[in-house]
Structure formats: C-alpha cells, structure tokens
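Structural description and commentary
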Amino acid sequence: MWKNINAAPEDSILGLTEAFRKETNPRKVNLGVGVYKDDDGNTPILHCVKAAEAILLQKERSKTYLPISGDPSYAAGVQNLLFGEESEVIASYRAATVHTPGGTGALRVGADLLKKFKPDAKVWVSAPTWANHKGIFGSAGFPLDEYPYYNPVTKKVDFEKMLACLEAIPERDIVLLHACCHNPSGVDLSAEQWQQVAQMSRQKGWTPFLDFAYQGLGQGIVEDRLAIAQFALLREDYFVASSFSKNFGLYNERTGALTLVSPSPEESKVAMSHLKSTVRVCYSNPPAHGGLVVATILNDPALHAQWLGELNGMRERIVGMRAALVDGLAKRGVRGDFSSIKEQRGMFSFSGISDETVAWLRDRKGIYVVGGGRINLAGLSSKNIEYVCDSIAEALK
C-alpha cells in the first residue's frame, strides 16, 4: 500500500523535539516544544495532582465508561474556571461542556460539529497561529484564511488591520481566537480591544471560537478569562476549547474540554445533544483519569488553593526567565531591542531572531528554537540562561 507514497512531513515542533533527543552536545537546550519545565529542566507532576491521584486510587471502584460528555463534576469545574462561580452563564444553564482528549481534541470536536451545520464556512486564524490549528480545521474540511495579528516591526498586535479584517468577514464564517497567551507571539489583546472584537462578532454575525490553552499562565486565572467574559455578555453563540496540559501539568493524560455557550438554556440543550453525537462517532467516551484528577482538585478547597499556589509559581518562574533573557542580552550588548519579551505573556515569545540565527544556534550550540524565532521561555533555567545568552550574543555579533 505504501510503496509509491511519500512519507508525510514531520510535525515542525514535535519533529524538533525528536532531533533534540538525538543531539550529542552536552549543553543542549530545548526552547521549542511547548511544555513547562522547572528550573531543573523537568516537567514536574504538581503536588496537588499527586494528592488527588492518591484520593482517586483509594476511592476508585470501577473502570467502567464515563458518560459521553464526561463526569458531571468535571464539566462543572471547567465552567467555574471559564466563567467564575457567580456567572450568569452558569446560573442560566447557557453553557454545554464535554470532556475531550486534550485541547486538540476539543478543537477537533468543535470543528467536526461546525462542519455539520456550517458546511460552506471558512475558518479564519490569526497570522501567525499555532501550526496545528490549520491542520485540525483543514482536516475537518474547512477552507482557511488569515486575519492580521502580530506586527513584527512594532512587536505588538496590529489591531487596526485586525479589526478591519474582522469587519469584512462574512456572517457564515468562523473566527479562531487565542483567549490569552497567544501562541506563538505571546502578545495579547487589551481589555478594550477584546470588547471591540466581541462587539464586532455580534455586529457581523460570524462565530467566535476561542482557544484557551493557558489559563493562569498569563496574569492569573481570573484575569486570563477576560475574553471569555466579554463574549458571554453578548448572549450569542460561541465556542471555547480549553486544556489542562499546561496549567495542571497533565500533558500525557490528554485532559481538555469543549464548551458551547448559547443565548438560552433551551438552545444549550440542543447544542449538548449534537456535541454528544459528534463525540460518539469520534472517540465515544473520554479518558477518565485526567478529568477526575482535575475535578477532585477543583472541588476540594485545600487542593484548589494548593493548585493556585503551584500555578502562580509556574507563572512567576516564566516571568523571571523573560526578564533574565532580556537583561542578559542587554548586558552582553546584543544589538536590537528585546525588551518586548518582558511585556509578552505565557510560555512563548517571538524573540525576533532570524531563521539563519535559529539554524546557527541549533548546529553550533545545540540550542533548539522553532523556525520564525519562537521560543518557549519555560525551557530556560538558572542553569542554562548564561549559555543561551552567550550563544545568542555570539550569533548576532
């Protein structure tokens, strides 16, 4: 079957990780794949996760299937994180949530559902965006287009061009938005800008689809859901794909959720029925462990508080690495202004280094960076920051 078929290209990011594993340089540094690492270079299991797993191990009596939509306590916890416990969306039953295999699974379930009811739609993604966005929605059968987002000259959101493009998008189309910690740029919209985007969606009628993979890693759990809240005020239809890979460290448990917000509880019930039918033919039932860990933590006040403390520590470490990189390059007299890295949010940054420099760092120094200069700040540590700054300074001398 495969004799006359060419091999598929490697994933640009996961392929980089595979190359990194084979790297022989003892000082090698992986700043590519979007995985949180602590100062020792490990992806830790959070203490609150270990505690929740101990509770589950003691209480578990069966490995039977979860409901198609997942455990109800998980869905309730997800909605509390997205909207806040006092939210009108929750009180009026306007949200329908299903447990999905990771944030990627949430995006794909949403894409398949939308393809049923918007077969002629186009999906608009930011320029740039996470590379897999195009693969997910393209594989679901959608044509794709881009709206302006990042301006490499100002190193900020090109908001005027973005808004002008959103104004011209037809009512039938779907607009994919990064709710916070934009991947790959690290540059987010302001509160006022989110309000304008939300109002534009109501005025023009296109469907907002928010990818919310990094809640709590930008400014905080409440602060990072600003975009979600702006759309909730409009009482219109919108989608939210959330992930607990980063903020709970549950990477290999593939724990995510897709939430549909509707104008009324009656419409939400209809939405849930179609969510379930979409899930049923895709993976039938979600994996239990990661979702039950999250539900246990969110529903236990002590574990919840412990999680927030650990999450704050992760966020503060990333902020510290941002500052260390910028200050380290300035100390070495590297030409160019890297100060914008301090202002960006989340794990990622457009560093501004060229593809030629990216290749040089990989070949000469064993430092792996995604093409385009996107770096994962969580890959930096007190043990490698001097080496990374020295290497970039040497490359740019």
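So, how was this worked out
Numbers given to residues run from 1 along each chain, matching the order in which its sequence is written. Where totals are concerned, whole chains, interfaces and linings use all residues; where local detail is concerned, this predicted model gives features only for residues with pLDDT of at least 70, and gives and counts side-chain atom pairs only at 80 or more. Each side-chain value is worked out from all heavy atoms of the structure, with water and hydrogens disregarded. Should DSSP find at least two bridges between two strands, the strands are taken to pair. In this text, helices come from DSSP runs of H or I with a minimum length of four residues, and strands from runs of E with a minimum of two, each type numbered from the N-terminal end. Note on geometry: axes are C-alpha line fits, over the in-contact stretch for helices, and angles between N-to-C directions span 0 to 180 degrees. In what follows, residue pairs with any heavy atoms lying within 4.5 Å of each other are defined as contacts. The salt bridge definition used is simple: a Lys or Arg side-chain nitrogen within 4 Å of an Asp or Glu carboxyl oxygen. For classification purposes, an angle smaller than 35 degrees is called roughly parallel, one larger than 145 roughly antiparallel, one from 65 to 115 roughly perpendicular, and anything else oblique. Note: crossing handedness is left-handed where the near helix turns anticlockwise from the far helix by less than a right angle, and right-handed where it turns clockwise. Any residue outside Ala, Val, Leu, Ile, Met, Phe, Trp, Tyr, Cys, Pro, Asp, Glu, Lys and Arg is labelled polar, Gly included; the first ten of those are nonpolar and the last four are charged. Throughout this description, buried means an accessible area under 20% of the type-specific maximum (1.4 Å probe, protein chains only), exposed means over 50%, and partly exposed covers the range between. With its strands directed away from the observer, a crossover is right-handed exactly when the path from the first strand over the helix to the second travels clockwise. Given the number of residues in a helix, its expected span is that number minus one, multiplied by 1.5 Å. The arc in question is traced by the directions running from the helix axis to the C-beta atoms. For the purposes of this section, nonpolar cores are sets of buried Ala, Val, Leu, Ile, Met, Phe, Trp, Tyr and Cys residues that join through side-chain atoms within 4.5 Å. Note that patches include only residues with greater than 30% relative accessible area and no salt bridge, and the join distances are 9 Å for like charges and 5 Å for nonpolar side chains (Val, Leu, Ile, Met, Phe, Trp, Tyr). For every accessible area listed, the method is Shrake-Rupley and the probe measures 1.4 Å; residues are considered covered only by the protein chains on display.

Overview of the sheet that holds strand β9 (residues 238-243)
With mixed pairing, the seven strands of this open sheet are ordered in space as β2-β10-β9-β8-β7-β3-β4. A strand with exactly one partner marks an edge of an open sheet, and here the two such strands are β2 (95-101) and β4 (144-148). Between one strand and the next, the sheet's axes are offset by a mean angle of 25°, whatever the strand orientation. Pairing between β9 and strand β10 (residues 255-261): six bridges, direction antiparallel. What sits directly across from Ser242, in β10, is Ala257. Across the sheet, helix α3 (residues 72-83) touches β2, β8 (207-212), β9 and β10, and the angle it forms with β10 is around 70°. The strands touched by helix α6 (residues 131-139) are β3 (123-127), β4, β7 (174-178) and β8; relative to β4, the strand with the most contacts, the crossing angle is about 145°.

A closer look at the pattern of salt bridges
Following the criterion strictly, the structure yields 17 salt bridges and no others. Members of the salt-bridge network, linked through shared partners, are Asp39, Asp40, Arg317 and Lys383.

Examining the packing of α3 against helix α11 (residues 289-298)
Interaxial distance between α3 and α11 falls to 9 Å at its minimum, and their mutual angle equals 60°. With respect to α11, the element α3 is oriented oblique. Crossing geometry of α3 relative to α11 is assigned as left-handed. Across the interface between the two elements, Ser73, Tyr74, Gly77, Val78 and Leu81 from α3 touch Gly291, Val294, Ala295 and Leu298 from α11. Here the contact of α3 with α11 is built from residues that sort into six nonpolar, three polar and no charged.

A word on the pairing of β9
Consecutive side chains along a regular strand alternate between the two faces of the sheet. Counting buried residues along β9, six of its six residues qualify, which places the element largely inside the surrounding structure. Here β9 shows two buried faces, one formed by Tyr238, Val240 and Ser242 and the other by Phe239, Ala241 and Ser243. Inspection of the sheet shows β8 paired to β9 by four bridges, in the parallel sense. Its bridge partner lying in β9, Phe212 is registered against Ser242. Between the parallel elements β8 and β9, the chain passes through helix α9 (residues 226-232) in a crossover that is right-handed.

Some thoughts on helix α10 (residues 265-280)
A rise of 1.5 Å per residue sets the reference length of α10, with its 16 residues, at 22 Å; its end C-alpha atoms lie 22 Å apart and thus fit the reference within 8%. When α10 is considered as a whole, its buried residues turn out to be Ser268, Ala271, Met272, Leu275, Thr278 and Val279. Along the axis of α10, the buried positions cluster into a sector of 125°, meaning they face one direction only. In α10, those exposed residues whose orientation departs by more than 90 degrees from the buried face are Glu266, Lys269 and Arg280.

Considering the nonpolar core
Residues Met162, Val197, Trp307 and Leu325 are the most contacted members of the largest nonpolar core, which totals 101 residues. Listed in part, the 26 residues of the second largest apolar core include Val109, Val125, Phe137 and Ala241.

Remarks on the packing of α11 against helix α12 (residues 301-331)
Two elements in contact, α11 and α12, have axes whose closest approach is 6 Å; the angle formed by their N-to-C orientations is 105°. As the angle between them shows, α11 and α12 are arranged roughly perpendicular. Residues Thr296, Ile297 and Leu298 of α11 lie in contact with α12, whose contacting residues are Leu303, His304 and Trp307. For the contact of α11 with α12, the class distribution of residues is four nonpolar, two polar and no charged.

Details of a nonpolar patch on the surface
On the surface, Met1, Trp2 and Ile5 cluster together into a nonpolar patch covering about 440 Å² of accessible area. By the secondary structure assignment, Ile5 is in the segment before α1 (14-22). For Ile5, a relative accessible area of 46% gives the class partly exposed.

Side note on unusual backbone geometry
A cis amide bond, omega 5°, links Ala127 with the succeeding residue Pro128. Tracing the backbone through its elements, the reader meets Pro128 in the loop between β3 and α6. Not every positive phi belongs to a glycine, and Tyr93 is a case in point at roughly 60°. Checked against the element boundaries, Tyr93 lands in the loop between α4 (88-91) and β2. Look at Tyr93 and you get exposed, because its relative accessible area is 62%.

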